[in-house]
Amino acid sequence: KAGVTQTPRYLIKTRGQQVTLSCSPISGHRSVSWYQQTPGQGLQFLFEYFSETQRNKGNFPGRFSGRQFSNSRSEMNVSTLELGDSALYLCASSVDGRNQPQHFGDGTRLSIL
Amino acid sequence: DQQVKQNSPSLSVQEGRISILNCDYTNSMFDYFLWYKKYPAEGPTFLISISSIKDKNEDGRFTVFLNKSAKHLSLHIVPSQPGDSAVYFCAAYTGNQFYFGTGTSLTVIP
């Protein structure tokens, strides 16, 4: 069974640009969550999508947005990139997003110059 | 506001001994708790979980203990092996969201 796939693995951008990250969940998983991990911080919750609808949202500015497609694949977009956006972005999927383990991808390492 | 805290950034243990990783939380509404392990350049992988209605759950060398009155969660690894060297995250769930700690880096010394 294929795991969660995130693309690209590495990305370098400059301030002011925008970026789109992609996540393909495990087959049959309808919940996809996004997290930001920075040094010294835990995984900070960005948002969760379920059946193409954003169901939950963390405390991040509106520059961070996402969407989910009918096949459960999800994309995350960050506009007007700032130096502080440099981080590892992780995607996690589960069957329905409730109290069950999430399965994580290996992340996209985003570096802002 | 960090609702889930791992106060020890790192821990070193001799191979064969017990590793104890700790986690504290502040929100009494958390009803499900998990531990994840993370190797460099990989995503976190699920280790073990526990529901708030239990106080202990075992899976092989891994045991999770939950003390709800103290709002404290711990992971015991017995015996510790060099392959257990990784960063361990605790996480807690309430209603609609998972909250993660900042991680503890475990080094098992051969």
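Computed from a predicted model, the values in this text were never measured in an experiment.

**Regarding unusual backbone geometry**
Move 1: Residues Thr-7 of chain A and Pro-8 of chain A are joined by a peptide bond in cis, for which omega reads -10°.
Move 2: When you line up the elements, Pro-8 of chain A lands in the loop between strand S1 (5-7) and strand S2 (10-13).
Move 3: The residue after Val-78 of chain B, namely Pro-79 of chain B, is reached through a cis peptide bond having omega -15°.
Move 4: Along the polypeptide, Pro-79 of chain B turns up in the loop between strand S8 (72-77) and strand S9 (86-94).
Move 5: A positive phi angle, near 70°, is found at Glu-52 of chain A, a position not held by glycine.
Move 6: By relative accessible area, Glu-52 of chain A is classed as partly exposed at 46%.
Move 7: Phi at Ser-72 of chain A is positive, roughly 80°, even though this residue is not glycine.

**Some words on the nonpolar core**
Move 1: Of all hydrophobic cores here, the largest spans 23 residues; its most connected members are Phe-33, Trp-35, Leu-73, Leu-75 and Tyr-88 of chain B.
Move 2: Elements with a contribution of two residues or more to this core: strand S3 (19-25), strand S4 (32-38), strand S5 (45-51), strand S7 (62-67), S8, S9 and strand S11 (104-109) of chain B.
Move 3: The element contributing the most residues to this core is S9 of chain B, with four residues.
Move 4: Grouped together as the second largest cluster of nonpolar side chains are 21 residues, Val-19, Ile-26, Leu-81 and Leu-110 of chain A included.

**Quick look at the environment of Phe-98 of chain B**
Move 1: With respect to the helices and strands, Phe-98 of chain B occurs in strand S10 (residues 97-100).
Move 2: With a relative accessible area of 3%, Phe-98 of chain B lands in the buried category.
Move 3: Spatially, the C-alpha atoms of Phe-98 of chain B and Val-4 of chain B are 10.0 Å apart, while their sequence positions differ by 94 residues.
Move 4: The contact partners of Phe-98 of chain B, leaving out residues within four places of it in the chain, are Tyr-35, Phe-45, Gly-97, Arg-98, Gln-100 and Gln-102 of chain A together with Tyr-32, Leu-34, Ala-92 and Tyr-93 of chain B.

**Remarks on the pairing of S7 of chain B**
Residue and element names in this part refer to chain B.
Move 1: Bridge count between strand S6 (residues 56-59) and S7: four bridges; the pairing is antiparallel. In the sheet register, Asn-57 faces S7, and the bridge partner there is Val-64.
Move 2: As judged from the six bridges shared by S7 and S8, these two strands associate in the antiparallel manner. Bridge pairing in S8 places Asn-67 opposite His-72.
Move 3: Hairpin connection, S7 to S8: the antiparallel pair is bridged by four residues, and Lys-71 has positive phi, about 55°.

**Quick notes on the sheet that holds S3 of chain B**
Move 1: Taken together, five strands build an open sheet; the order of strands is S1-S3-S8-S7-S6 (chain B) and the sheet is antiparallel. The open sheet has two edge strands with one neighbour each: strand S1 (4-5) and S6 of chain B.

So, how was this worked out
- Residues numbered from 1 in each chain as written.
- Chains lettered and ligands numbered in written order.
- Predicted model: local features only at pLDDT ≥ 70, side-chain atom pairs only at ≥ 80, totals over all residues.
- Heavy atoms only, no water.
- Helix = DSSP H or I, 4+ residues; strand = E, 2+ residues; numbered from the N terminus.
- Buried < 20%, exposed > 50% of the residue type's maximum accessible area, 1.4 Å probe, protein only.
- Core = buried A, V, L, I, M, F, W, Y, C linked by side-chain atoms within 4.5 Å.
- Contact = heavy atoms within 4.5 Å.
- Pairing = 2+ DSSP bridges.

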